[in-house]
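# Architecture at a glance
This is what each chain is made of:
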Amino acid sequence: MDAVAVCRERCWRNDWVVDLDVRAFFDSVDHSLMLKAVARHTDQKWILLYVRRWLQAPLRQQDGTLVARERGTPQGSAISPVLANLYLHYAFDVWLARTFPAVTFERYCDDAVIHCGSEEQARQVRDALAVRLAQVGLELHPDKTRIVYCKDADRRGDHEVTSFTFLGYTFRPRLARNRWGKHFVNFLPAVSKDAIKAMGREIRSWHIARRSDKSLKDLALMFNNIVQGWINYFGRFYKSMLYPLLRRINDHLVRWAMRKYKRLRRREKRAGELLAEVSRRSPRLFAHWRFGLKPGGWTMGAV
């Protein structure tokens, strides 16, 4: 969240962004360079031994065969995010600060953006970064690495790319409202379409309507932690983009009620009214109800 917040502020101050994508980062890390980076922070031989074993542990395929690993870090391993952060600290952070001290950046593991003052500077940084990453065994993805114009109401001209996604948030021109209530176009982050699709698949996988053996309290206990996590993360910036997704949960609850209670069969309106009444009596039962998305009503979007 800190990285997203800082990225938003820097997009207001800088017109251009290099949205970089490292091709197959976790499969490409050079083991010798990784161990060299770790050795800069410890002289304990047992630590280096364990890191080497983590890196070189063979990959077991579904048929049971083992494949030797010569590069990369094991994805899903508890140590991989730490090692990735350490590797890119030297491969990217330190190099960029030394080579282009005028630019700023945010990075979380291998997801990073660089802020530039001009399109020319952005191209220079991108091209130099491609050379640098090649030196450490990495490659910029040619199609996914893009130069983005942070278009808003005050920036004239246009560019073929005016949006990018960072840490699950898509930054693009959006309608905002200032302190005096006047609307204007600002460059802002909101939950990405891919994140919405992933959360939608998760909600469908719960099969709420089929759980007629459960009570509303049971359903809340089963899913509230997940939904609250989404709200905590994606509800921080331009939260109104999250509203349609969370309202789908109410639709699933209505179908649950229609299936659970015989008197509500094929009576969707009545089931919705019953659920709305429950939300008035217990407004904090579901995490999204606490967020203001109770059934039977609309929540005005706040950016």
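Throughout what follows, the structure given in this document is the object of discussion. All of these numbers come straight from a predicted model, not from anything done at the bench. (Residues numbered from 1 in each chain as written. Predicted model: local features only at pLDDT ≥ 70, side-chain atom pairs only at ≥ 80, totals over all residues. Heavy atoms only, no water.)

### As for the overall build of the chain
Scanning the chain from N- to C-terminus turns up eleven helices and nine strands. Taking 19 Å as the expected radius of gyration for a compact globule of 303 residues, we find that the chain reaches 24 Å, considerably beyond that expectation. With respect to the three principal axes, the spread of C-alpha positions in the chain is 70 × 60 × 30 Å. Counting only residues that meet the buried cut, the chain has 45% of its 303 residues in that class. Restricting to contacts in the chain with at least 6 residues of sequence separation, those with at least 24 account for 62%. Counting only carbon and sulfur atoms, one obtains 50% of the accessible surface of the chain, whose full area is about 17,400 Å². Where the 54 positive side-chain charges of the chain centre and where its 31 negative ones centre are 10 Å apart. (Helix = DSSP H or I, 4+ residues; strand = E, 2+ residues; numbered from the N terminus. Rg over C-alpha atoms; globule rule 2.2 N^0.38 Å. Buried < 20%, exposed > 50% of the residue type's maximum accessible area, 1.4 Å probe, protein only. Contact = heavy atoms within 4.5 Å. Areas by Shrake-Rupley, 256 points an atom, 1.4 Å probe, with all protein chains shown as cover. Lys, Arg positive; Asp, Glu negative; His and termini not counted. Charge placed at Lys NZ, Arg CZ, Asp CG, Glu CD.)

### Looking at the sheet that holds strand β8 (residues 169–177)
Read across the sheet, three strands follow the order β7-β8-β9 without closing on themselves; strand pairing throughout is antiparallel. Of all strands in the sheet, those bounded by a partner on one side alone are β7 (164–166) and β9 (183–191). Ignoring which end each strand starts from, the neighbouring axes of this sheet average 50 degrees apart. For β7 and β8, the ladder comprises three bridges, and the chain directions are antiparallel. Bridged to Thr165 within β8 is Thr170. Sitting on the sheet, helix α1 (residues 2–13) is in contact with β7, β8 and β9, with an inclination near 150 degrees to β9. (Pairing = 2+ DSSP bridges. Axes fitted to C-alpha atoms, helices over the stretch in contact; angles between N-to-C directions.)

### Some words on the pattern of salt bridges
Working definition: two side chains of opposite charge can pair if their charged atoms are close together. Tallied over the entire structure, the rule returns 13 salt bridges. Note that Arg155 is salt-bridged to Asp15, the shortest N-O span being 2.7 Å. Taken as a pair, Arg155 in the loop between β6 (146–149) and β7 and Asp15 in the loop between α1 and β1 (16–20) lie far apart in primary sequence, 140 residues in all. Take Asp15: its relative accessible area is 26%, and that puts it in the partly exposed class. Between Lys214 and Asp213 there is a salt bridge; the shortest N-O distance is 3.9 Å. The exposure class of Lys214 is partly exposed, given its relative accessible area of 26%. It is possible to trace a salt-bridge network through shared partners that takes in Asp15, Asp152 and Arg155. (Salt bridge = Lys/Arg side-chain N within 4 Å of Asp/Glu carboxyl O.)

### Describing the sheet that holds β6
Reading across from one edge, β4-β5-β1-β6 is the order of the four strands in this open sheet, with antiparallel pairing throughout. The open sheet has two free edges, formed respectively by β4 (104–108) and β6, since each of these has just one partner strand. On average, adjacent strands in this sheet sit at an angle of 20 degrees to one another, irrespective of strand direction. The pairing of β1 with strand β5 (residues 111–116) spans five bridges and is antiparallel. In the strand pairing of β5, Val17 is matched with His115. Running over the sheet, α1 touches β1, β4 and β5 and is turned about 155 degrees from β4.

### Observations regarding the packing of helix α8 (residues 216–234) against helix α9 (residues 243–260)
One can describe the packing of α8 onto α9 by two numbers: an axis separation of 12 Å at closest approach and a directional angle of 170 degrees. If you check the angle between α8 and α9, you find them roughly antiparallel. In this structure, α8 uses Leu216, Leu219, Val227 and Ile231 to contact α9, whose residues at the interface are Leu246, Ile249, Leu253 and Trp256. (Parallel < 35°, antiparallel > 145°, perpendicular 65-115°, else oblique.)

### Details of the packing of aromatic side chains
If you walk through the whole model with that rule in mind, you get 18 aromatic pairs. Ring geometry for Phe92 and Phe105: centres 5.2 Å apart, planes at 80 degrees, overall edge-to-face. Of the two residues, Phe92 sits in helix α5 (residues 80–99) while Phe105 sits in strand β4, which places them 13 residues apart along the sequence. Aromatic ring contacts, followed pair by pair, group Tyr169, Tyr233, Phe234 and Phe237 into a single cluster. Above the ring of Tyr50, the side-chain terminus of Arg53 is found at 5.8 Å from the ring centroid. The residue whose ring lies beneath Arg263 is Tyr261, and the NZ or CZ to ring-centre distance is 5.2 Å. (Phe/Tyr/Trp six-rings, centres within 6.5 Å; stacked < 30°, edge-to-face > 60°. Lys NZ or Arg CZ within 6 Å of the ring centre and 35° of its normal.)

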